[in-house]
Amino acid sequence: MNFMNVKMNLKTLTSSQLLTETKMIVSEERRITAKLIEHLTEINQRLLFLKLGYSSLFEFVTKELGLSEGATQRRVQAMRLMQDLPETRQAYEEGSLSLSNAAKLQSHFQAIKKSGATKTIEEKKAIAKNVENKSQSECDQMLFRLAPELPKPEKTKILSPTARELKFSISEELFKKIERLRELLGHSHPNATLAELIELLVNSHLTKLEKAKGLQPKMVQKCDERDQKPAAKTQKSADLNQKSTDKNSDEMGENPKTRYVNADQTDKVDKSNLVHTAAKTLPAGIEVMLPVGVGVALPVGIRVALPSAMKRQVWSKADGRCEYEYQGRRCSSRYQLEIDHVNSLALGGSNELSNLRLICRNHNGFFAIQTLGLAKMSSFRK
Ligand SMILES: [Zn+2]
């Protein structure tokens, strides 16, 4: 049936029939969206997006499936809510819970978790039930009343090809610090606007990080919009078989809760921490902070701090982008990059430059799964 026929047929419908059919289509649309979310859940469980060279499920849905950023955000957040509270899927399909409110609920629960508070499943169920049949603004108001201390969700809006509008809340303490900074910069930057102050701070921080990582300034400044956050700072050293909890797992909910890191994935290795960590995982008597150089053969399982010069070489070799590649598609993420051994130390890999690569945290976790197996990484897949 072509479009014209549909159009003609609609003209023949009575208003009552038209209304009935429209309601059926809306119901069908919800059913199909729920089905899509179900498929996304499976793709997420399999980490298929990582295999295909995307650094996140969000990136996969926008680039591979072609959905808008907003539509993706709502579906991915709803997916996470439905995983946590399966009954919300039924509420969505029945039309009592909108996709927008499902996404708001999930963001609310994530913000609560990030604040350090906890909510039981029963408490979450009760909140989700209360959100049913509410408009977006009613949902906003209800969630605000439940936790007025939580910061409001950050928003970014494209105003033009060269301008964006950012919206976020800050603490009174931070606001006072900004005012103090404005005063101190009174001579060099009189009447600086907030945007000018942020640019000043960002440029200063970027310059330091670029220098530390051996990158040309233009590399970081040309970040894709998805990768505007600065590269990850110091990560705790850990053995390949040691989990490290990531409490800042937002990023549209794509960062895994747990991950595997190597000691040499640090930007600035805290030596005391390295020794402490290694002491828990290595046989007694082994000195961890061995002198390290390119090509030095090291015993299996020993984690070492790579020389800064070598780290800069790895970053430079990779152009400061994730080097994971699948069938010609390179991840290229600039977010949360880590230095990784192509052949792991545990399996006899060397510390030579040729055995080192730069990969994003999610692909590092993906490699760990390939090395250790899905069973051991079940928590990563949540
Ligand atoms: Zn990657």
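This report concerns the structure included in the present document. (Residues numbered from 1 in each chain as written. Predicted model: local features only at pLDDT ≥ 70, side-chain atom pairs only at ≥ 80, totals over all residues. Heavy atoms only, no water.)

**Concerning the packing of helix α8 (residues 121-131) against helix α9 (residues 136-146)**
So, step 1. One way to put it is that α8 packs onto α9 with a least axis distance of 10 Å and a crossing angle of 150 degrees. With respect to α9, the element α8 is oriented roughly antiparallel. You can see that α8 and α9 cross each other, and the crossing is right-handed. Residues I127, N130 and V131 of α8 touch α9, and the partners they reach there are C139, M142, L143 and L146. (Axes fitted to C-alpha atoms, helices over the stretch in contact; angles between N-to-C directions. Helix = DSSP H or I, 4+ residues; strand = E, 2+ residues; numbered from the N terminus. Parallel < 35°, antiparallel > 145°, perpendicular 65-115°, else oblique. Left-handed = near helix turned anticlockwise from the far one by under 90°. Contact = heavy atoms within 4.5 Å.)

**Thoughts on the pattern of salt bridges**
So, step 1. Under the criterion given, the structure shown has 16 salt bridges.
So, step 2. The salt bridge partner of R31 is E28, with a shortest N-O separation of 2.9 Å. Of the two residues, R31 and E28 both sit in helix α2 (residues 15-46), three residues apart, roughly one turn of that helix.
So, step 3. Assessed through its relative accessible area of 39%, R31 is described here as partly exposed.
So, step 4. For E28, a relative accessible area of 35% puts it in the partly exposed group.
So, step 5. Two residues, D140 and K104, come together in a salt bridge whose shortest N-O distance is 3.1 Å. One end of the pair, D140, is in helix α9; the other, K104, is in helix α7 (residues 99-114), with 36 residues separating them in the sequence.
So, step 6. Accessibility expressed as a relative area gives 22% for K104, which makes it partly exposed.
So, step 7. One continuous salt-bridge network, built from bridges that share partners, spans K35, E38, R89 and E93. (Salt bridge = Lys/Arg side-chain N within 4 Å of Asp/Glu carboxyl O. Buried < 20%, exposed > 50% of the residue type's maximum accessible area, 1.4 Å probe, protein only.)

**Some thoughts on the coordination of the zinc ion**
So, step 1. Ligation of the zinc ion by protein atoms is provided by C322 (SG), C331 (SG), C360 (SG) and H363 (ND1), these donors lying 2.1 to 2.4 Å from the ion.
So, step 2. Coordination geometry of the zinc ion: the four donor atoms subtend angles of 97 to 120 degrees at the metal centre, consistent with an arrangement described as tetrahedral.
So, step 3. Look at where the donors of the zinc ion fall in the sequence and you get C-x8-C-x28-C-x2-H. In this pair, C331 sits in the loop between β6 (329-330) and β7 (337-341) while H363 sits in helix α15 (residues 361-372), placing the two residues 32 residues apart along the sequence.
So, step 4. For C331, a relative accessible area of 2% gives the class buried.
So, step 5. Residue class for H363 comes out buried when judged on its relative accessible area of 0%. (Donors = N, O, S within 2.8 Å, 3.2 Å for Na, K, Ca; no water. Tetrahedral: all angles 85-135°; square planar, octahedral: opposite > 155°, others 65-115°.)

**Looking at a nonpolar patch on the surface**
So, step 1. Taken together, the side chains of L166, F168, I170, L174, F175, I198 and V202 make up a nonpolar region of the molecular surface, amounting to roughly 600 Å² of accessible area.
So, step 2. Broken down by secondary-structure element, the contributors of at least two residues to the nonpolar patch are α10 (172-184) and α11 (194-212).
So, step 3. Mapped onto the elements of the fold, F175 is located in helix α10. (Patch = residues over 30% accessible without salt bridge, like charges linked within 9 Å, V, L, I, M, F, W, Y side chains within 5 Å. Areas by Shrake-Rupley, 256 points an atom, 1.4 Å probe, with all protein chains shown as cover.)

**Description of the side chain of K124**
So, step 1. Within the secondary structure, K124 is located in helix α8.
So, step 2. Residue class for K124 comes out buried when judged on its relative accessible area of 16%.
So, step 3. For K124, the residues in contact, after removing those within four places along its chain, are D84, L85, F109 and K119.

**Some details on the nonpolar core**
So, step 1. If you look at the biggest cluster of nonpolar residues, it comprises 48 residues, and the most contacted ones within it are F49, L57 and L105.
So, step 2. Ranked by the residues each element gives to this core, the list is headed by helix α5 (residues 69-84), at five residues.
So, step 3. When residues of this core are sorted by domain, at least three fall in each of domain 1 (3-146) and domain 3 (243-381).
So, step 4. Once residues within four sequence positions are removed from consideration, L105 is found in contact with L81, L97, I127, A128, V131 and L143. (Core = buried A, V, L, I, M, F, W, Y, C linked by side-chain atoms within 4.5 Å. Domains from an automatic or database assignment.)

**Quick notes on the environment of R74**
So, step 1. Tracing the sequence through the fold places R74 in helix α5.
So, step 2. R74 sits in the partly exposed class, given a relative accessible area of 31%.
So, step 3. The sequence separation of R74 and A103 amounts to 29 residues, and the corresponding C-alpha distance is 5.1 Å.
So, step 4. Apart from residues no more than four positions distant in its own chain, R74 is found in contact with L99, S100 and A103.

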